[in-house]
Each structure stands twice: as C-alpha cells, then as structure tokens.
Amino acid sequence: MISIRKSGSIGVNRAALEEFFEDNEGAVLYFDEDVNRIGIEPVPDTDADDAAYTVSVTDSGGTIAPKAFLETYDLIPDVTTQYDPVWDDDDDQSLVVLNLEDPTGTYGSPDDE
C-alpha cells in the first residue's frame, strides 16, 4: 500500500517498498491530470535524475517527501489516503501508478482548523 499523507509526504509500506523499490533509493514523480494518476519511477538514487526525491527507509517501510510536487498539483489530501499501487511497465518507462480516483481507504482525520 502507498499513502499520500495530509502532511505532504508519501508513505510506502514494507510490502510495496520491497516489491517496487528493491535497492532503489530515489523516486521521480509524475502526474497525469487527464486520468488523475500519479506515477512514481524508482531510480537508483537522487543522482540518477535531477527531479528525484529520496526514498527514506525505516523498518516499517519508506517515505518520499515531495511536498512541493504535491502542492503544485493540489494533491495533498485533507486526510491521509491509501492506494493500492500497480506496476505499469510500458515501452518508454516503468512506473508505480496510483489511481487517485480509486483510494482503498483513509487514515486519521482532517485538522479542525
């Protein structure tokens, strides 16, 4: 599972980290506004692409902190929203895809401000 957090980061659970990122320590993000999907391209590290974000790994999973990217496309949710990622491997590029039209759940509550 991959979550877009209300804090502006992306959480990757251990299973998704192992399945999609293996030894990759970087990620490049894409947004397709026409179909409302985020694509995450695993890359070896942040030196692999100028637009790459670091994938910080812990015992429970990983975190990507693309707050500016998410703000640019107004993608920060009011509550942390979870998605079931799928691997999209085409001729041009291999991406982990999150269909923003099909969340699997939410976690927490919106701020009361």
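Look up: the structure comes first, before these words.
Scoring rules and cut-offs
- Residues numbered from 1 in each chain as written.
- Predicted model: local features only at pLDDT ≥ 70, side-chain atom pairs only at ≥ 80, totals over all residues.
- Heavy atoms only, no water.
- Helix = DSSP H or I, 4+ residues; strand = E, 2+ residues; numbered from the N terminus.
- Patch = residues over 30% accessible without salt bridge, like charges linked within 9 Å, V, L, I, M, F, W, Y side chains within 5 Å.
- Areas by Shrake-Rupley, 256 points an atom, 1.4 Å probe, with all protein chains shown as cover.
- Salt bridge = Lys/Arg side-chain N within 4 Å of Asp/Glu carboxyl O.
- Lys, Arg positive; Asp, Glu negative; His and termini not counted.
- Charge placed at Lys NZ, Arg CZ, Asp CG, Glu CD.
- Buried < 20%, exposed > 50% of the residue type's maximum accessible area, 1.4 Å probe, protein only.
- Core = buried A, V, L, I, M, F, W, Y, C linked by side-chain atoms within 4.5 Å.
- Contact = heavy atoms within 4.5 Å.
- Phe/Tyr/Trp six-rings, centres within 6.5 Å; stacked < 30°, edge-to-face > 60°.
- Pairing = 2+ DSSP bridges.
- Axes fitted to C-alpha atoms, helices over the stretch in contact; angles between N-to-C directions.
- Polar contact = N/O pair within 3.5 Å; in protein donor to acceptor, adjacent residues only side chain to side chain.

Caption draft 1: How the structure looks around unusual backbone geometry. Even without being glycine, Glu22 reaches a positive phi, approximately 40°. One can find Glu22 in the loop between helix H1 (14-21) and strand E3 (26-32). With phi around 55°, Asn36 is a residue other than glycine that occupies positive phi space. Looking at the element boundaries, Asn36 is found in the loop between E3 and strand E4 (37-43).

Caption draft 2: Structural detail: a negative patch on the surface. On the surface, Asp89, Asp90, Asp91 and Asp92 cluster together into a patch of negative charge. Mapped onto the elements, Asp91 comes out in the loop between strand E8 (86-89) and strand E9 (94-99). For Asp91, a relative accessible area of 82% corresponds to the exposed category.

Caption draft 3: A look at the nonpolar core. Core analysis: the largest hydrophobic core is formed by 22 residues, its most contacted members being Phe21, Ile38, Ile40 and Ile64. Within the residue set of this core, elements represented by two or more residues are strand E1 (2-4), strand E2 (10-13), H1, E3, E4, helix H2 (67-72) and E9. Per-element tally for this core: the top contributor is H1, with 4 residues. Excluding anything up to four places from it in sequence, Ile64 contacts Ser9, Ile10, Val12, Phe21, Ala27, Leu29, Ile40, Tyr53, Thr54 and Val55.

Caption draft 4: A look at the packing of aromatic side chains. Here the structure, examined in full by the defined rule, presents 3 aromatic pairs. Judged by centre distance (5.1 Å) and plane angle (45°), the ring pair of Phe31 and Tyr73 falls under tilted. In this pair, Phe31 is assigned in strand E3 and Tyr73 in the loop between H2 and strand E7 (80-83), connecting sequence segments 42 residues apart. With relative accessibility at 37%, the residue Tyr73 sits in the partly exposed group.

Caption draft 5: Molecular detail of the sheet that holds strand E5 (residues 53-57). Judged by pairing direction, the sheet is antiparallel, and its 10 strands sit side by side in the order E8-E9-E4-E3-E5-E6-E2-E1-E7-E10 without closing on themselves. The outermost strands of the open sheet, each flanked by one partner alone, are E8 and strand E10 (105-107). Neighbour-to-neighbour, the strand axes of this sheet turn through a mean angle of 30°, independent of strand direction. Strand direction decides the pairing type here: E3 and E5, joined by 2 bridges, are antiparallel.

Caption draft 6: Highlighting the side chain of Ser9. Turning to its location among the elements, Ser9 is positioned in the loop between E1 and E2. Among the residues examined, Ser9 registers a relative accessible area of 10% and is labelled buried. Side-chain polar atoms of Ser9 contact the side chain of Ser7, separated by 3.4 Å. Excluding anything up to four places from it in sequence, Ser9 contacts Ser3, Ile4, Thr63, Ile64, Ala65, Pro66 and Leu70.

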